[in-house]
Amino acid sequence: MAISSVQNLFQERKFPFIFALSVLLFCVIILLFTNTIQYPLFLYPDTKTQTQTQTRSSSVQVPVSSSPPPPPPPVQSSNPNSAPTHVVVPPPPENDRVSTRNNATTVDVGIEWKLCKVPEGVDYIPCLDNYQAIKALRSRRHMEHRERHCPSPSPRCLVPLPSGYKVPVSWPKSRDMIWYDNVPHSKLVEYKKDQNWVRKSGDYFVFPGGGTQFKEGVANYIQFIEKTAQFMTLPLIKWGKHVRVILDVGSGVASFGGALLDKNVLTMSFAPKDEHEAQIQFALERGIPATLSVIGTQRLTFPDNAYDLIHCARCRVHWDADGGKPLLELNRILRPGGFFVWSATPVYRKDETHQNKWKAMVNLTNSLCWKAVARTVDSSRIGVVIFQKPVSYSCYEKRKENSPPICDDKNRKNNSWYMPLSSCLSPLPVDSKGNLLSWPAPWPKRLKSEPVSLSTDQTAVQKFYEDTKHWSGLVSDVYLKGLSIEWSSVRNVMDMNAGYGGFAAALIDQPLWVMNVVPIDMPDTLSIIFDRGLIGVYHDWCESFNTYPRTMDLLHSSYLFGNLSLRCDMVEMVAEMDRMVRPGGYLLVQDTTDTINKLKPILQSLHWSFTLHQNQFLVGKKGFWRPTS
């Protein structure tokens, strides 16, 4: 009977109907089968496959209230049969969920990416390359054109990669050589070829350690400074002990700061983006701390009384210009008792022009009560002078003229974001009882000691120690062991919401350095970070950061985006993070489920892969993808 029925169907030419029915049945079976597969959490954020069991880790403490909102303890699964603690979401395949039209790439989350069409191309820095704003400036006398002029709104475009870009040379090899294709700028090689800053050798740039003022090499120059200090009985200049954090003004390719790393000295190298092409980009590609900045009309983005020593080797700053405001700015950020090491032609050349500049410098430093504690010339006939900032008001009170005056500190905020340079002396720091602050403990004790700028209120001190313990446990138990980060490839790190600097302190034994960023809308803790022997800057994350593209290996954010998203566009913030991170680099975010769910589709649209750990740690990894142009 069944056979006869089948024959009748064929005779009645119903075979196409049977074929269609079979295909439909096959599709239903496939759908039923795939329904058992766990889909990525970014598609179903409330899926039951997320780990629900939460247990508090004893190594993670309750965070402090005076720092940014602290992370809760990491979630641990106590059920061995529960779902995995992390979910891997790869980038979308090239031909899946992605279409190309009008030279743009569109992903189904509704975000359209294009390449930045700007003259700077692969080196685009939005707030320093805003030529429309720069062209409208009334004056350039005080380096106004090298200062920040951010476009509004912030760019949503992506910076292209240099042709032939490669994964950077790993540390410590990178200190001496980097790929030419990653920073393809040979102008500095020609401009400084007689000073041995940088040379091109095959596929690499190499850095012999020369400089304008250290013709016999940076190692000999550093030893010369130390011997000069010892001869003049200046025990505080002992690299890596009392002198831990240094600012190198006009640093070139940062060979000075790079050499001091071996002596446990952390140097913030800085220079403007100017005709000395890509010098800070060279420094960061080498894995040496550096930032783009200029002493123009605005304060540097550092707190008062931050640096143990400031260094300038032919940095081309006219310190006595504009009533001495540039040197007054150094006085503001130099710690009482700290040193200014100046290696420049007026120190040792005897012609009338240079001697007049020297006399002007002496008059200016005397008015600041700086004492010239050493002045000498080395075997290469290069001279250096060492000034020291006072530790008390006694010299100020003895001055015949109150010029420059001491700044009125009423309602004074220790925040230098878009603040004009002062024409007065910043007051010496005191504690809550009015006592002058002492020098921090010697390194490395100062890293975990009570910061000298922290209030003597015992509650605040206790919160600091709790914060330190919290980050020590979180980094050792989760960040270094439980996350999908290849730490051996990480050298340049930025903590976007640094608080007390606990994240950086917990990583101190790793072969990396951390740029601690204190957002301007968060509690001002940057002085505490410097007291600990770490470095950092102020910043507003609604704007672009002063750095070249592809300069960071890892960005870390702990509960940054919640309040920030009320002022800023999250897509623009992610575009800026994509600009800063190197291909192969990471974004590590700890935040609320709501914030993470907002970040994931944006990262997906950028073709970043990412993993979600314990429902609160998002680790994104940038690839080499760029939109078509």
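Residues numbered from 1 in each chain as written. Predicted model: local features only at pLDDT ≥ 70, side-chain atom pairs only at ≥ 80, totals over all residues. Heavy atoms only, no water.

Caption draft 1: View of the sheet that holds strand E7 (residues 204-206). What the three strands build is an open sheet, ordered E5-E7-E6; its pairing is antiparallel. The outermost strands of the open sheet, each flanked by one partner alone, are strand E5 (177-179) and strand E6 (199-201). Looking at each pair of strands side by side, their axes are set apart by 30° on average, direction ignored. Relative to E7, E6 runs antiparallel, the two sharing three bridges. Across the sheet, the residue bridging to Ser201 is Tyr204, located in E7. (Pairing = 2+ DSSP bridges. Helix = DSSP H or I, 4+ residues; strand = E, 2+ residues; numbered from the N terminus. Axes fitted to C-alpha atoms, helices over the stretch in contact; angles between N-to-C directions.)

Caption draft 2: Structural view of the sheet that holds strand E11 (residues 307-313). Spatially, E10-E9-E8-E11-E12-E14-E13 is the arrangement adopted by the seven strands of the open sheet, whose pairing is mixed. Sheet topology places strand E10 (290-292) and strand E13 (371-377) at the edges, where each strand pairs with a single neighbour. Neighbouring strand axes in the sheet, compared pairwise and without regard to direction, differ in orientation by 20° on average. Across three bridges, the pairing between strand E9 (residues 266-271) and E10 is parallel. Residue pairing for E10: Ala271 is matched across the bridge by Leu292. Along the sheet face, helix H10 (residues 352-367) touches strand E12 (334-343), E13 and strand E14 (383-388) and points at about 15° away from the line of E14. (Contact = heavy atoms within 4.5 Å.)

Caption draft 3: Expanded view of the state of the cysteines. A full pass over the atoms with the stated rule returns six disulfides. The disulfide bridge from Cys369 ends at Cys395, spanning 2.2 Å between sulfur atoms. In this structure the cystine formed by Cys369 and Cys395 twists about its S-S bond by roughly -85°; its chirality is therefore left-handed. Residue Cys369 is found in the loop between H10 and E13, and its partner Cys395 is found in helix H11 (residues 394-398); the two are separated by 26 residues along the sequence. By relative accessible area, Cys369 is classed as buried at 7%. Disulfide partner of Cys407: Cys424, at an S-S distance of 2.0 Å. Here the disulfide of Cys407 and Cys424 is right-handed, its torsion about the S-S bond being about 100°. (Disulfide = S-S within 2.5 Å. Buried < 20%, exposed > 50% of the residue type's maximum accessible area, 1.4 Å probe, protein only.)

Caption draft 4: Representation of helix H17 (residues 593-605) within the structure. Across its 13 residues, H17 extends 19 Å between first and last C-alpha, which sits within 8% of the 18 Å expected from 1.5 Å per residue. All buried positions along H17 are accounted for by Thr595, Ile596, Leu599, Lys600, Pro601, Ile602, Leu603, Gln604 and Ser605. Positive backbone phi, at 65°, marks His607, one or two positions downstream of H17. (Expected span 1.5 Å × (residues − 1).)

Caption draft 5: Spatial organisation of the packing of helix H16 (residues 570-580) against H17. One can describe the packing of H16 onto H17 by two numbers: an axis separation of 10 Å at closest approach and a directional angle of 60°. Between H16 and H17, the crossing angle belongs to the class labelled oblique. The interaxial crossing formed by H16 with H17 has right-handed handedness. Every residue of H17 that contacts H16 at Met570, Val571 and Val574 is listed here: Thr595, Lys598, Leu599, Ile602 and Leu603. Of the residues in the contact of H16 with H17, the class split is six nonpolar, one polar and one charged. (Parallel < 35°, antiparallel > 145°, perpendicular 65-115°, else oblique. Left-handed = near helix turned anticlockwise from the far one by under 90°. Nonpolar A, V, L, I, M, F, W, Y, C, P; charged D, E, K, R; others polar.)

Caption draft 6: Spotlight on the pattern of salt bridges. For the structure shown, the criterion picks out 20 salt bridges. For Asp123, the salt bridge identified is with Arg550, shortest N-O distance 3.7 Å. You can see Asp123 sitting in the loop between strand E4 (112-113) and helix H3 (131-135) and its partner Arg550 sitting in the loop between strand E17 (536-539) and strand E18 (552-558), a full 427 residues away along the chain. You can call Asp123 buried: its relative accessible area is 9%. Between Lys273 and Asp129 there is a salt bridge, and its shortest N-O distance comes to 2.8 Å. With Lys273 in the loop between E9 and helix H7 (279-286) and Asp129 in the loop between E4 and H3, the pair connects residues that are 144 residues apart, well separated along the chain. Residue Asp129 is classed as buried on the basis of its relative accessible area, which comes to 7%. Where salt bridges share partners, they join Asp308, Arg335, Arg446 and Asp531 into one cluster. (Salt bridge = Lys/Arg side-chain N within 4 Å of Asp/Glu carboxyl O.)

Caption draft 7: Structural context of the packing of aromatic side chains. The tally for this structure, following the rule as stated, stands at 23 aromatic pairs. Between Phe302 and Tyr307 the ring centres are 5.3 Å apart and the planes differ by 85°, which places this aromatic pair in the edge-to-face class. Comparing Phe302 with Tyr307, the two get one shared label, buried. Aromatic side chains Trp342 and Trp358 sit 6.5 Å apart centroid to centroid with 10° between the ring planes, which places their arrangement in the stacked category. Of the two residues, Trp342 is situated in strand E12 and Trp358 in helix H10; the sequence distance between them amounts to 16 residues. Like Trp358, Trp342 is buried. Linked through ring pairs, Tyr180, Phe205, Phe207 and Phe282 together constitute an aromatic cluster. Sitting over the face of the ring of Trp179, Lys166 holds its NZ or CZ atom 4.9 Å from the ring centroid. The ring of Trp443 is capped by Arg244, whose NZ or CZ atom sits 3.6 Å from the centre of that ring. (Phe/Tyr/Trp six-rings, centres within 6.5 Å; stacked < 30°, edge-to-face > 60°. Lys NZ or Arg CZ within 6 Å of the ring centre and 35° of its normal.)

Caption draft 8: The pairing of E14, seen in detail. Burial analysis of E14 places six of its six residues in the buried class, the great majority of the element. Residue alternation in E14 divides its side chains into two sets, Gly383, Val385 and Phe387 and Val384, Ile386 and Gln388, and both sets are buried. In this sheet, E14 lies alongside E12 in antiparallel orientation, the contact comprising four bridges. The residue bridging Val341 from the neighbouring strand is Ile386, located in E14. Taking the residues that link successive antiparallel strands as the turn, the E13-E14 hairpin has five residues, and the phi of Arg381 there is positive, at about 70°.

Caption draft 9: Structural context of the confidence of the model for the protein. Residues with a pLDDT of 70 or more make up 79% of the protein, whose mean pLDDT is 83. Taken as a whole, residues 30-85 scores under 50 in pLDDT and shows 97 contacts with residues more than four places along the chain or in a different chain. When the criterion is pLDDT under 50, residues 94-107 qualifies, and its contacts beyond four places in sequence or with other chains add up to 36 contacts. (pLDDT = per-residue confidence, 0-100.)

Caption draft 10: H10, seen in detail. For H10, spanning 16 residues, the distance from its first C-alpha to its last is 23 Å, which sits close to the expected 22 Å at 1.5 Å a residue. All of the buried residues along H10 are His354, Gln355, Trp358, Met361, Leu364, Thr365 and Ser367. Those residues of H10 that are buried are in contact with helix H8 (325-333), E12, helix H9 (345-348), E13 and E14.

Caption draft 11: Broad picture of the nonpolar core. If you look at the biggest cluster of nonpolar residues, it comprises 118 residues, and the most contacted ones within it are Trp319, Phe340, Trp342 and Tyr479. Setting aside residues up to four positions removed in sequence, Tyr479 forms contacts with Trp471, Leu474, Trp487, Phe503, His556, Leu588, Gln590 and Phe617. Membership of the second largest hydrophobic core comes to 22 residues, among which are Phe214, Tyr221, Val243 and Phe339. (Core = buried A, V, L, I, M, F, W, Y, C linked by side-chain atoms within 4.5 Å.)

Caption draft 12: Main features of unusual backbone geometry. For the bond from Ser152 to Pro153, the omega torsion is 0°, close enough to zero to count as cis. At Met143, a position not held by glycine, the phi torsion is positive, near 65°. Inspection of the secondary structure assignment puts Met143 in the loop between H3 and E5. Positive phi values are uncommon outside glycine, yet His607 reaches one of about 65°. Looking at the element boundaries, His607 is found in the loop between H17 and strand E20 (609-613).

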